[in-house]
Amino acid sequence: MATAQPNLLSFPSTDALAEQLRPYVLRCQAAALARHDTFRIAVSGGSLPTVLARALLAPGNGSPDDTPQFDKWHIFFADERAVPLDHKDSNYLLLKDELLSKIPAELGAPTVHPIDEKHVHDDDPQELADLYQEDLMRSFAAKDSVKLPFFDLILLGCGPDGHTCSLFPGHDLLREKDAWVAAESHSPKPPPKRITLTLPVVTSAINIAFVATGAGKKDIMKAIFDTEEGRSLPSALVNQGGGEKVCWFTDHAAVDGVSFPRRGNL
Ligand SMILES: O=C(O)[C@H](O)[C@@H](O)[C@H](O)[C@H](O)COP(=O)(O)O
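No experiment lies behind these values; they were computed from the predicted model shown. (Residues numbered from 1 in each chain as written. Predicted model: local features only at pLDDT ≥ 70, side-chain atom pairs only at ≥ 80, totals over all residues. Heavy atoms only, no water.)

The next point concerns the site of the ligand. In the vicinity of the ligand, 15 residues are found, and the nearest of them are S47, D79, H163, C165 and K217. Contact between the ligand and C165: an oxygen atom at 2.7 Å from a main-chain N or O atom of the residue. In this structure, K189 approaches the ligand through a side-chain N or O atom, which is 2.7 Å from an oxygen atom. Taking 420 Å² as the accessible area of the ligand by itself, protein coverage stands at 90%. Residues belonging to the shell around the ligand are distributed by class as follows: two nonpolar, eight polar and five charged. (Near = heavy atom within 4 Å. Polar contact = N/O pair within 3.5 Å; in protein donor to acceptor, adjacent residues only side chain to side chain. Areas by Shrake-Rupley, 256 points an atom, 1.4 Å probe, with all protein chains shown as cover. Nonpolar A, V, L, I, M, F, W, Y, C, P; charged D, E, K, R; others polar.)

A word on the state of the cysteines. All told, the structure shown has zero disulfides when counted by the stated rule. No disulfide involves C158; its nearest neighbouring cysteine sulfur is the one of C165, lying 11 Å away. C28 supplies the cysteine sulfur nearest to C247, a cysteine that is in no disulfide, at a spacing of 8.4 Å. By relative accessible area, which is 3% here, C247 ends up buried. (Disulfide = S-S within 2.5 Å. Buried < 20%, exposed > 50% of the residue type's maximum accessible area, 1.4 Å probe, protein only.)

The next point concerns the packing of helix α2 (residues 48-56) against helix α3 (residues 91-98). In the contact formed by α2 and α3, the axes pass within 9 Å of each other and the chain directions differ by 25 degrees. Relative to α3, the element α2 is oriented roughly parallel. As α2 packs across α3, the resulting crossing turns out to be right-handed. Counting all contacts with α2, which are made through P49, T50 and A53, the residues of α3 involved are L94, L95 and E98. Looking at the contact of α2 with α3, its residues break down into four nonpolar, one polar and one charged. (Axes fitted to C-alpha atoms, helices over the stretch in contact; angles between N-to-C directions. Helix = DSSP H or I, 4+ residues; strand = E, 2+ residues; numbered from the N terminus. Parallel < 35°, antiparallel > 145°, perpendicular 65-115°, else oblique. Left-handed = near helix turned anticlockwise from the far one by under 90°. Contact = heavy atoms within 4.5 Å.)

Let's shift gears to the sheet that holds strand β4 (residues 79-81). Read across the sheet, three strands follow the order β4-β8-β7 without closing on themselves; strand pairing throughout is antiparallel. For this open sheet the edge positions go to β4 and β7 (181-184), each flanked by a neighbour on one side alone. Within this sheet the neighbouring strands show an average axis-to-axis angle of 20 degrees, counted without direction. Bridge analysis of β4 against strand β8 (residues 194-197) gives three bridges, and the strand direction is antiparallel. (Pairing = 2+ DSSP bridges.)

In this chain, P190 is followed by P191 through a cis amide linkage whose omega measures -5 degrees. With respect to the secondary-structure elements, P191 resides in the loop between β7 and β8. Phi is positive for C165, which is not a glycine, with a value near 50 degrees.

Put into structure tokens, the structure is as follows:
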């Protein structure tokens, strides 16, 4: 378990946040391309795709360091709902509408890894989770001896109850040690059937970023960062497992009243 503290960043507005998220993601991209000539990231649903698109589709200065090289990106879903890819609840559709469909051709096209639509109507989402795990294994060239996929970057949201991905407070999935991808059949946030990366996969990522904005987040942010009771919340468990690899991008409204030290840049 990591001991170093996560980084808590706070900005006056979502626009200011997106301006800082861009260089952060592009620094992660540069490090990943130098390491293995590919950038493997996982993204959540919720408000994250919109903020990410605002960050990445903004005009850059044209330098290689400030340019997303999307043709080198492999985009996975940190969690996904068991619905068809064109369903309004699909995280894939959200990402497509907000970001993928708007990427200018000259920036290249990412390789996107959606869930297998054939299994979205299964009673139990386990097969959907297993197939997604197989996709991850292929993409990370995992041999039996490779215990975990090391994402270059995982981008997360945090729900008002402290959930992240589809890892909800008090659910057994928080104790999953072996699976990379797990099935959730009773999500308190609709729709109930989902798949999610597990905590060991999330905390093994090389970089982990949360985006949390708005006054609706301030109570849970206080619980996560300032209280003992909040330590068992899924988002707090990511802080504990990821330590200094974790970076929270928030706006001032979301951290109003939070005592944990925060900064205005990385
Ligand atoms: O598919 C999902 O439901 C999400 O991945 C979920 O984990 C989301 O990130 C949080 O609920 C925060 O959502 P907001 O950013 O909209 O608050």
